[in-house]
Structures are given as C-alpha cells and as structure tokens.
Amino acid sequence: MTIAELHFHFLNSNGVCTDTRSLEENQIYFALKGENFNGNKFAQQALKSGASLAIVDEKEYVTDRSVLVDDVLTTLQQLANYHRNYLDLPIIGITGSNGKTTTKELIYAVLSEQYNVIATKGNLNNHIGVPLTLLTMDDSTEIGIVEMGANHQGEIKMLSEIAQPNFGYITNFGKAHLEGFGGFEGVIKGKSELYNYLRENNELVFINDQDEIQVRQSANIVSKTFGSSQSEYPVYLEDGSGNLKITVGGTTITSNLIGTYNFSNIAVAMAMGNHFDVPLTHIKNGIEKYVPSNNRSQIIDKDTYKIILDAYNANPTSMAAALKNLQATGTNTIAFIGDMFEVGETSKTEHQAILDLAHNLNISQVYAIGPDFGTSSPHPMQKVYESYDAFAKAYSKQIPVDTTVLIKGSRGMKMERILEPLSF
C-alpha cells in the first residue's frame, strides 16, 4: 500500500492510534515498537476492538485487515508529512531550550481568538508526537502550531522535514540536554537546525532582537523582529515585579505569568498575532485569559504565602532564571530545588554553581534535593539532601509568614511532592 493509498484510508477513518487502551472505533492502529514494548503483539486486539486497519512491520502479525510495512514509525511519519502537504496550511514550528510549551500555549491563545488553530497537546513534541499532532489537523484547521523537542543533534532537522514549517521561533539557547547535545555549542547547533530549514526554504523566522544568539544564528533568513524599540514589533515590559505587564501601541496587557524570563514568550505570541492580523484587543484578550498549568510557573496563594510551582522541568539556565525571579519578589524567600537531569560531564559543577548563585542572590533559605545537589557544598542557610526521602524525613520547619516559595526541579524529581510536607 502506498502512502497516498494509506492517506485515503486515513481520511475515511477516525484518525490514528498507537495504544489499544485508548483506541476508538474506526481508527488506524500503528504498531509502534520500543525497547520495552512491541505494538505488533496488540494488532489483532486493536482490530477486534474496532480499528479499521493495523499497520505492522512483523510478518507473523499480518491479517486480512493489516498492512505490512518496513517500519511502522517511518510510515507514521511519512503519512503525517503527506497529510501536512495535503492540507497545505500555515505551520508554525517552535523549539528552544526553555519555555517551548508556555510559548506554544500563548501563541495558541492569541491566534485562536480569530482562527481555528491546532497545536501540540502537552509535550507530544518528539519523533512520534510531531506526526501525531499533524494528523489531528483537518480541512477546518486554519493554522497549525508544532512544538519540536530534541536532546540530540539532527532531531530538529528531522522534525522540520516532517512538519515543514512556514514560520519558526526558537525560544532561547540554554544549558538543557547538555549530555545529548555535547555541550552548550552543541545545543546552539542542534536548535539552529530549525533556522537552517527556514533559510533553505525561504520561510519566515520570528526573532527576539534582544537575544544575541538568535540574531547571529538567524542571519540571512526572512525575519520579523520583536522586543526592543528598534524592532519591527516593539513590545515593552512595563512591570516585571509580579504578574508581567507588557505595553504595545499604548495598550497595557496584564498576564497571569510571573518572571521576566516569560517576557519574550508573551512578546512573540503578540508578534505572531500581529503578523496574522489579529486585532490588538483580541491579542490582549488571549494573553490575559491564559493561565499556566501542569506545574509550569503556577502561582499558589495561601494566606500570606506565595508559592511558585515550577516543577515541570529544570536545567541550569531555567533554574538560574527562576532563582533570580525569586530574589526579585521580596526579602523572605525559600527555594526547594531538585536535581537537573541530562547535564552531562559538567553536572557537579552546574549544581554547585546554582547553590553559589542562590547564595549570591541572598535567597533566605535553600533546600537542595537529589544525588548531585546532595554531594555539593552548601553555603550558610542552605541544606542538601541526596534524596527526596531524606529531605522528607528531616524537614519539619514551618515557613515564616509573608514568604515567597520556589519549587523547581527536573521532571524526574517530582518536586511538586514538596507541597505535602510543607507547613504553613
């Protein structure tokens, strides 16, 4: 069966599914394989449960309603690319070290004020998630937003070739996935693969002209700049002490986000709204309605306390930004921070640097948790624990009134657990 023939079946189906536990009637089942699972084994079950077709890559699982291919994942990616070209709609590609999901959601919030928009759900931003996102789009979709994640060089190039974005934005270049990328310069090279695709295909990139790396790496690409007074879309940070207030064209927009590191995330959403002719009143409405969730810069107000729950993920760049933001909130500050994963050879150094930074910022109290933090050298008013269990067993203090609390760490640390033993 050719990809064109498979696409015909797809158009007459209820979409695709890769997990029989969530299978819906008349979906096409793709039997993906991984290190610890083999979807081929569930192909027959999928057909019995109502799948219209099963795409398999092992002969022993072929039946009268299955299609044998060389590789199921490759076929899924080819189908998604074919469907993307069939729809021929504008696609926005987003990558970066920090803030991808928040930026995607902000852009969605703005553009959906005027258009029917489909965006990546959650963090389905890898070699499987990107195809699945594209396959949720249909004839009614007017704009697609595709988040692209990567932890090795070459991955953004591959995802760009599948999604074929017409517009792109890289949130920033930070110390994330240093182990996989081979250091910070490897991060820059890997993320810039989106720029390379846009350059080679004469597409448009959005550039924060206050980010020197963005400006340098995007040379010779058709661009729209935003951020400074010299940019094509000047946006100004009016107040960054609490909920960010941003001014454009005499209009002030008050967001539900804190931290000056979120300024560029909001600003690019506004710039894209402007590019797609969304009226400023609609842009304002979209930004002001957006409320962060899923442990991403969530604000929890409890009596006289403010808790910044930013426990979705962490790397040295985002951790430093979060601590600087915490320091700017007031005099009484406590940070509960967890290990940063995938930092590579420099992990010990980077974790120590975070403790040094917290000390220099005069954070009132720091509790650092995890194997790397646990073997670091704490400063006065800092305590380190090699595991969450060790912390939970030792911690018994009550947080002083009028305190701002930061909770942050890599996803695997599940730092939101800190909320349970805290005493207010």
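The chain is annotated in an unreviewed UniProt entry as UDP-N-acetylmuramoyl-tripeptide--D-alanyl-D-alanine ligase of Dokdonia donghaensis DSW-1. Database annotation for the chain, UniProt heading Sequence similarities (unreviewed entry): "Belongs to the MurCDEF family. MurF subfamily." Its UniProt record gives the chain the following Function (unreviewed entry) comment, quoted word for word: "Involved in cell wall formation. Catalyzes the final step in the synthesis of UDP-N-acetylmuramoyl-pentapeptide, the precursor of murein."

Engineer: Please explain the layout of surface pockets as it appears in this structure.
Structural biologist: Where empty space is left can be seen by rolling a probe of water-molecule size over the atoms. By volume, the second largest pocket amounts to about 310 Å³. Considering the residues around the second largest pocket, the lining is formed by 17 residues, among which V16, Q27, L124, L132 and T136 are closest to the centre. Only β1 (16-17) and α5 (129-134) provide two or more residues apiece to the lining of the second largest pocket. Partitioning the lining of the second largest pocket into residue classes produces six nonpolar, eight polar and three charged. Two domains each put at least three residues into the lining of the second largest pocket: domain 1 (3-73) and domain 2 (89-289).

Engineer: So what exactly am I meant to see when it comes to the sheet that holds strand β12 (residues 222-227) here?
Structural biologist: Paired through their backbone hydrogen bonds, the strands of a sheet run either parallel or antiparallel. Read from one edge to the other, the open sheet built from seven strands follows the order β8-β9-β7-β10-β11-β12-β13, with strand pairing classed as parallel. In this open sheet, the two edge strands, each paired with only one partner strand, are β8 (117-119) and β13 (233-234). Pairing of strand β7 (residues 91-95) with strand β9 (residues 143-147) involves four bridges; the strand directions are parallel. The residue bridging I91 from the neighbouring strand is G144, located in β9. Against the sheet, helix α9 (residues 193-200) touches β7, β10 (167-170) and β11 (204-208), its axis set at about 155 degrees to β10. Across the sheet, helix α11 (residues 263-275) touches β7, β10, β11, β12 and β13, and the angle it forms with β12 is around 125 degrees.

Engineer: Quick question: what am I supposed to make of the pairing of strand β18 (residues 305-310) here?
Structural biologist: Across a regular strand the side chains alternate sides, sitting on one face of the sheet and then on the other. In terms of burial, β18 is a largely internal element, five of the six residues being buried. Where strand β17 (residues 298-302) meets β18, five bridges bridge the pair, whose relative direction is antiparallel. Counterpart to D301 in the pairing with β18 is K306. Remark: two residues form the turn of the hairpin made by β17 and β18, two consecutive strands paired antiparallel; D303 in that turn has positive phi of roughly 55 degrees.

Engineer: For this particular structure, what's the right way to read the domain arrangement of the chain?
Structural biologist: Interfaces are often sized by the accessible area lost when the parts come together. The assigned domain composition of the chain is domain 1 (3-73), domain 2 (89-289) and domain 3 (298-422). Computed from C-alpha atoms alone, the centre-to-centre distance between domain 2 and domain 3 is 28 Å. Taken residue by residue, the interface counts 14 residues in domain 2 and 16 residues in domain 3. Approximately 1,300 Å² of surface area, both sides summed, lies buried where domain 2 meets domain 3, with 50% of it carried by carbon and sulfur atoms. On the surface where domain 2 and domain 3 come into contact, there are zero salt bridges. The interface formed by domain 2 and domain 3 holds two residue pairs in polar contact (both at pLDDT 80 or more) in total. Considered class by class, the residues forming the side of domain 2 that touches domain 3 number four nonpolar, eight polar and two charged.

Procedures and definitions
- Residues numbered from 1 in each chain as written.
- Predicted model: local features only at pLDDT ≥ 70, side-chain atom pairs only at ≥ 80, totals over all residues.
- Heavy atoms only, no water.
- UniProt positions renumbered as here; feature names shortened; annotations may be inferred.
- 1 Å grid on protein atoms, 1.4 Å probe; cavity = no way out; pocket = protein on both sides within 12 Å on 5 of 7 lines; lining within 4 Å.
- Points joined across faces, edges and corners; volume = space filled by probe spheres on them.
- Helix = DSSP H or I, 4+ residues; strand = E, 2+ residues; numbered from the N terminus.
- Nonpolar A, V, L, I, M, F, W, Y, C, P; charged D, E, K, R; others polar.
- Domains from an automatic or database assignment.
- Pairing = 2+ DSSP bridges.
- Contact = heavy atoms within 4.5 Å.
- Axes fitted to C-alpha atoms, helices over the stretch in contact; angles between N-to-C directions.
- Buried < 20%, exposed > 50% of the residue type's maximum accessible area, 1.4 Å probe, protein only.
- Buried area = accessible area lost by both parts, 1.4 Å probe.
- Salt bridge = Lys/Arg side-chain N within 4 Å of Asp/Glu carboxyl O.
- Polar contact = N/O pair within 3.5 Å; in protein donor to acceptor, adjacent residues only side chain to side chain.

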